[in-house]
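# Observations on chain architecture
Chain by chain, the residues run as shown.
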Amino acid sequence: MTTQPDTVLLEEWLRSNSGVNMGISTSNSSSSSARAIINAWAELRDSLQHQSFQLHHLQSLKTLVDSRFSLHVADPQAKLLISILSSQALFLPGEAYPLLLRLLYIWVRKSFRPSLALVDSVLEVLSTIFAHQFSSEKTHELFSEGVLLLGAFSFVPTLSEKSRTVCLELLCRLMEEEYRLISSSDILVSYVLAGVGYALCSANVHFVRILNAFLEIWGKEGGPRGSVSHGLMILHLVEWVVSGIIRSRTPEKLQTFVKVTLETSVANYVPFALVMTAAGTLRALNRTAADIQGMQILSLVRISAENRIELIAIELISKTKGFSGSDNDHTTSHLLLCTSLALARAGSVSSRSSLLVCLTSALLTEIFPLRRLYKTILGSSDAVSGLAPYDTKEHINSIPFKEAGAISGILCNQYIAVDGENRVIVESMIWRFCQELYLGHRQVALLLRGKEDELLGDIEKIAESAFLMVVVFSLTVSKHKLTSKLLVESQMETSISILVAFSFMEYFRRMHLPEYMDTIRGVVVSIQENKTACISFVESMPSYTNLTKPPELLQKLQYLWFKDEVQTSRILFYLRVIPTFIDLVPTSLFSGAIAPTMFLYMEHPNGKVARTAHSIYVAFLSAGKDSDDNEKALLKEKLAFYYMQRSLAEYPGCTPFEGMASGVVALVRNLPAGSPAIFYCIHSVVEKANRLCRETSTEKVDIWKNWQGETGPCRKIVELILRLISLVDIQVLPQLMKLLAQLIVELPKEGQNVVLNELYTLVAESEDVTRKPTLVSWLQSLAYLCSMAASGSAMFKANGSKKIFTLSSLGDHSDQNRMNARL
């Protein structure tokens, strides 16, 4: 609605909306504060009575001003202040004048109906001060307080036109002649703008003059240098003024405002102030109540405001040649930030291609100034101790960075509605940003980690926010392009660009984000039936050679590939995505591009990374199982030998058991029956288990007694072998049974009993009618041989390995009966 907010003190409201934190509590209701206020008034009365103004009287004024949020100044107290100001006998220090004006401002703003006679008295005093004493007492504070008080007086509804004219005339003269006293201090600027706001709402004859003075000061020599906070105060001031004009139903005044600020080109009006003025107008229109929208002029005002922002954006793009450079000067940077914040706060704004390009440039260069940061750090002669980087903490706490999410949302809304050519331009800008961010952060992370961790952490906070922007934008692009009637080639190119961009940004994904997963699912589905697209994505993955050598600028540093966390995150993304379309990857491409990286990262010390590398091997073994691709079948067979060597050599160690177990299971399930690779696999696994069991028995004497609570590598690999009994094909099963029997017989008695019990349960619960009879007979023989080994039988010692599968050699039928009962 067009209801103006509670702005008793307009300057406070402007500061709160511009993010200016004064650190002052808005409540001061303690009894001690009340006593302090009473004492302060008493001190001031004594000062007037004794015609002497001392330092403690100045402190009394400060006490009252500091209590302004809870302070109410009545007419008698205002009369006291006027008497002090006008007294010829009192010698007031310069610091007292702004404080006295501030207390009079509180009086006139908080009084329900201030005495008009007192207002006229104040105007006489102010005229004298600014005509005579002002020349010697010129200060930023006195100027800003004077403008604020004059504006507040003009805003009094019951004020006579004569007095109002005096107020406005004096205010205009101050703004036009003494504008150099407008400090760049956010607090003092808010006083001046609030005074201008009050005056604009009450002025008629002086309306255009005040507007000109207000908009020209930012471009005048010696005037205030505009900042983002100043721009936001302008935006919300205009919102407040325009809302008041609309509520008062004075279309003539609104037309004048639009003509002066939005439709007339004035050389002295600086672009950032005009952008914020237009945005404030749009914000007021978007918050207009439904019953006021009947004013036909409002639609014309909206068009003028949007056209003004678009015109400034077009001029900025032309001036910077489409933002072709990565570094902007201060004026361009400031205007980009103001434009992005203006669009984020204005509300509904029609889509314009120039706004889309400006928003993109603002996000990539100013709100996420990462490329500039990387350039500063990497270009330093002493990259650690001699750093003088961008103040990252100040940037993280800035309003543009805090509103990055809202600005990203506006970017996406603009993207949907503009023409295709500008969409392509913006997409290219963001995909290139992702690549440059990856390349820069990879080097900076290697350079700073362990040396400047606080700085690195701040940089990564900015990058995490950039990641969110990329995800939201990519989701918008995928929904728009992949569901449209664009050519398949264009859709595939977009899909690959999004996946590659996500691989660059993967390191900064620190939270579960539904939009991220939704985008990946949509993109992957679109390329799963396009072999060319799948090949293109795989080919974008860094080669084995590039993965194991340092970045170009860090050749002198000692480089360990597994400590390169940024690069590891990118490869992890590839290893997770490629299995979703592994069937479409040509065998030669898997062998040349994927397999070397897969085997490299199987040795990564991070278990999650190593498990993912094992997973891609499992996916490859499972792919094309029913096809007639002999080349792929030969590669599977060939890689199996190397896989077992690499996996078991680092187990236990960097090889995660879960990853290795999944690879072994996939190997015995997917290779052809009787494959030499399967025989090699089970032989290698049993050999490894034998060595681990010997080592474990030596180190942990009671391991077999505590087998149920054991979680070490020995138990894990034994259980893997037992699981293989029900998985290997019938041609390989006898060899596995033989190797396992040899392993069990060599165990100590406690170990034999534990493993036999595991086997009893496994065979008893088996429903495989093909292999169960064989397993029962084998288990009976194995149990007998274990008992013979324990009794030191000569026959076992001589022929043990040959008698394992010969039931006729067994003589103790009582043991067989007991086992049959259990099975």
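Conventions we followed
- Sequence order as written defines the numbering, with residues in each chain counted from 1.
- With pLDDT at 70 or above as the cut-off, local features in this predicted model cover only qualifying residues; side-chain atom pairs require 80 or more to be listed or tallied, and sums for whole chains, interfaces and linings still use all residues.
- With hydrogens and water stripped out, all remaining heavy atoms of the structure feed into the side-chain values.
- Each helix corresponds to a stretch of at least 4 residues labelled H or I by DSSP, and each strand to a stretch of at least 2 residues labelled E; elements are numbered beginning at the N terminus.
- Throughout, the Shrake-Rupley method with a 1.4 Å probe supplies accessible areas, and for residues the shown protein chains are the sole cover considered.
- We define the nonpolar core as a collection of buried residues of types Ala, Val, Leu, Ile, Met, Phe, Trp, Tyr and Cys that are connected through side-chain atoms lying within 4.5 Å of one another.
- When a residue's accessible area, from a 1.4 Å probe over protein chains only, is under 20% of the maximum for its type it is buried; when over 50% it is exposed; and in between it is partly exposed.
- Contacts are residue-level and defined by heavy atoms, with any inter-residue pair within 4.5 Å sufficient.
- Take the number of residues in a helix, subtract one, and multiply by 1.5 Å to get its expected span.
- The arc under discussion is defined with respect to the helix axis, by the directions toward the C-beta atoms.
- For salt bridges, the criterion is a side-chain nitrogen of Lys or Arg within 4 Å of an Asp or Glu carboxyl oxygen.
- We define a polar contact as two N or O atoms separated by no more than 3.5 Å, with the added condition that, inside protein, one atom must be a possible hydrogen donor and the other a possible acceptor, whereas residues neighbouring each other in sequence contribute only through side-chain atom pairs.
- Whether two aromatic rings pair depends on their centres lying within 6.5 Å, for rings of Phe, Tyr and Trp, where Trp uses its six-membered ring; planes under 30 degrees apart make the pair stacked, over 60 edge-to-face, and the rest tilted.
- To define axes, lines are fitted to C-alpha atoms, for helices over the stretch in contact only, and angles between the resulting N-to-C directions are given on a 0 to 180 degree scale.
- Our angle categories are set so that under 35 degrees counts as roughly parallel, over 145 as roughly antiparallel, 65 to 115 as roughly perpendicular, and the remainder as oblique.
- Throughout, a crossing is termed right-handed when the near helix is turned clockwise from the far one, and left-handed when it is turned anticlockwise from it by less than a right angle.
- Every residue is assigned a pLDDT by the predictor, reflecting its confidence on a scale from 0 to 100.
- Residue polarity follows a fixed list, in which Ala, Val, Leu, Ile, Met, Phe, Trp, Tyr, Cys and Pro are nonpolar, Asp, Glu, Lys and Arg are charged, and the others, Gly among them, are polar.

## A look at the overall build of the protein
Secondary structure summary: the protein contains 38 helices and zero strands in total. When the accessible surface of the protein is totalled, it reaches about 35,400 Å², and 52% of it is carbon and sulfur.

## A closer look at the nonpolar core
With 294 residues, the main nonpolar core has F368, L370 and L759 as its most contacted residues. Ignoring any residue separated from it by four or fewer positions in sequence, one finds L370 in contact with F433, L437, I459, I462, A463 and A466.

## Thoughts on unusual backbone geometry
Comment: phi is negative for the bulk of residues other than glycine, and the bulk of peptide bonds are trans. Geometrically, the link from Y651 to P652 is a cis peptide bond, its omega value of -5° lying close to zero. With respect to the helices and strands, P652 occurs in the loop between α30 (630–649) and α31 (657–670). Within the chain, Q51 stands out as a residue other than glycine whose phi angle is a positive 55°. Here Q51 shows up in the loop between α2 (31–50) and α3 (55–66). The phi dihedral of R249 is positive, around 55°, even though this residue is not glycine. For R249, the location among the structural elements is in the loop between α11 (228–247) and α12 (251–263). Judged by relative accessible area, which is 47%, R249 ranks as partly exposed.

## Topic: α3
With twelve residues, α3 extends 17 Å from end C-alpha to end C-alpha; this agrees with the ideal 16 Å at 1.5 Å per step. Residues H57, L58, S60, L61, L64 and V65 constitute the buried set of α3. On an axial view of α3, the arc spanned by its buried residues comes to 155°, and they lie on one face. Exposed positions of α3 whose direction lies more than 90 degrees from the buried face are L55 and D66.

## Observations concerning the pattern of salt bridges
Inspection of the entire model under this criterion finds 29 salt bridges. For E12, the salt bridge is made with R68, and the minimal N-O distance between the two is 3.2 Å. Highlighted residues: E12 in helix α1 (residues 10–18) and R68 in the loop between α3 and α4 (75–86), separated in sequence by 56 residues. By relative accessible area, E12 is classed as buried at 16%. A salt bridge links E176 to R209; the shortest N-O distance between them is 2.8 Å. A residue pair is termed long-range when its members are at least 10 positions apart, and E176 in helix α8 (residues 161–177) and R209 in helix α10 (residues 207–216) qualify at 33 residues.

## Considering the environment of K253
Here K253 is to be found in helix α12. In contact with K253, not counting residues within four places along its chain, are L200, C201, S202, A203, N204, F207 and I245. A polar side-chain atom of K253 sits 2.8 Å from the main-chain carbonyl oxygen of A203.

## As for the side chain of T281
Summarising the element assignment, T281 is placed in helix α13 (residues 271–286). When its relative accessible area of 0% is taken as the criterion, T281 is described as buried. The contact partners of T281, leaving out residues within four places of it in the chain, are V238, V242, F257, L262, V301 and A305.

## Re the environment of P579
Structurally, P579 is set in the loop between α27 (565–577) and α28 (587–601). For P579, a relative accessible area of 24% gives the class partly exposed. With 38 residues separating them along the chain, P579 and Y617 place their C-alpha atoms 8.9 Å apart. The residues contacting P579, other than those within four sequence positions of it, are Y574, I616 and A619.

## A closer look at the side chain of S60
Within the fold, S60 resides in helix α3. Of the polar contacts made by the side chain of S60, one reaches the backbone oxygen of H56; its length is 3.0 Å. S60 has contacts with A40, E43 and L44, leaving out every residue within four places of it along the chain.

## Regarding the environment of L126
Tracing the sequence through the fold places L126 in helix α6 (residues 116–131). For L126 and C167, which are 41 residues apart along the polypeptide, the C-alpha to C-alpha distance reads 9.4 Å.

## Description of the packing of aromatic side chains
Under the counting rule described, the total for this entry stands at 23 aromatic pairs. An angle of 85° between the planes, with centres 5.9 Å apart, marks the rings of Y198 and W240 as edge-to-face. Here W240 lies in helix α11 and Y198 lies in helix α9 (residues 186–202), a separation of 42 residues in the sequence. A ring pair is formed by W561 and F562, whose centres lie 5.7 Å apart and whose planes are at 85°; its orientation type is edge-to-face. Residue classification places W561 among the buried residues on the basis of a relative accessible area of 14%. Classification of F562 as partly exposed rests on a relative accessible area of 30%.

## Details of the packing of helix α21 (residues 420–448) against helix α23 (residues 488–505)
Look at α21 against α23: their axes get within 8 Å of each other, and the N-to-C directions meet at 30°. As summarised for this structure, α21 and α23 are arranged roughly parallel, according to the angle between their axes. The way α21 lies across α23 gives a crossing that is left-handed. For the pair α21 and α23, the contacting residues are E427, W431, C434, Q435, L437 and Y438 in the first and T494, S497, I498, A501, F504 and M505 in the second.

## Side note on the confidence of the model for the protein
Mean pLDDT over the protein stands at 86; residues scoring 70 or higher make up 88%. Of all the helices and strands in the protein, helix α38 (residues 813–822) carries the lowest mean pLDDT, 41, while α27 carries the highest, 96. Considering only residues more than four positions removed or in separate chains, one finds that residues 22–32, a stretch of pLDDT under 50, has eleven contacts. Low confidence marks residues 793–823, where pLDDT is under 50. Its contacts with residues over four positions away, or in another chain, come to 48 contacts.

## A closer look at the packing of α3 against helix α5 (residues 96–110)
Put simply, α3 and α5 touch, their axes get as near as 10 Å, and they point 40° apart. Taken together, the axes of α3 and α5 are oblique relative to one another. Once α3 is placed against α5, the crossing between them reads as left-handed. Between α3, through L58, L61, K62, L64 and V65, and α5, the contact on the second element is made entirely by A96, L99, L100, R102 and L103. The residue makeup of the contact of α3 with α5, split by class, is eight nonpolar, no polar and two charged.

## Some thoughts on α21
Between its first and last C-alpha, α21 extends 41 Å over 29 residues, near the 42 Å set by a 1.5 Å rise per residue. The N-cap residue of α21 is D419: its side-chain oxygen and the backbone nitrogen of E421 are 3.2 Å apart. Looking one or two places after α21, you find G450, whose phi comes out positive at around 85°.

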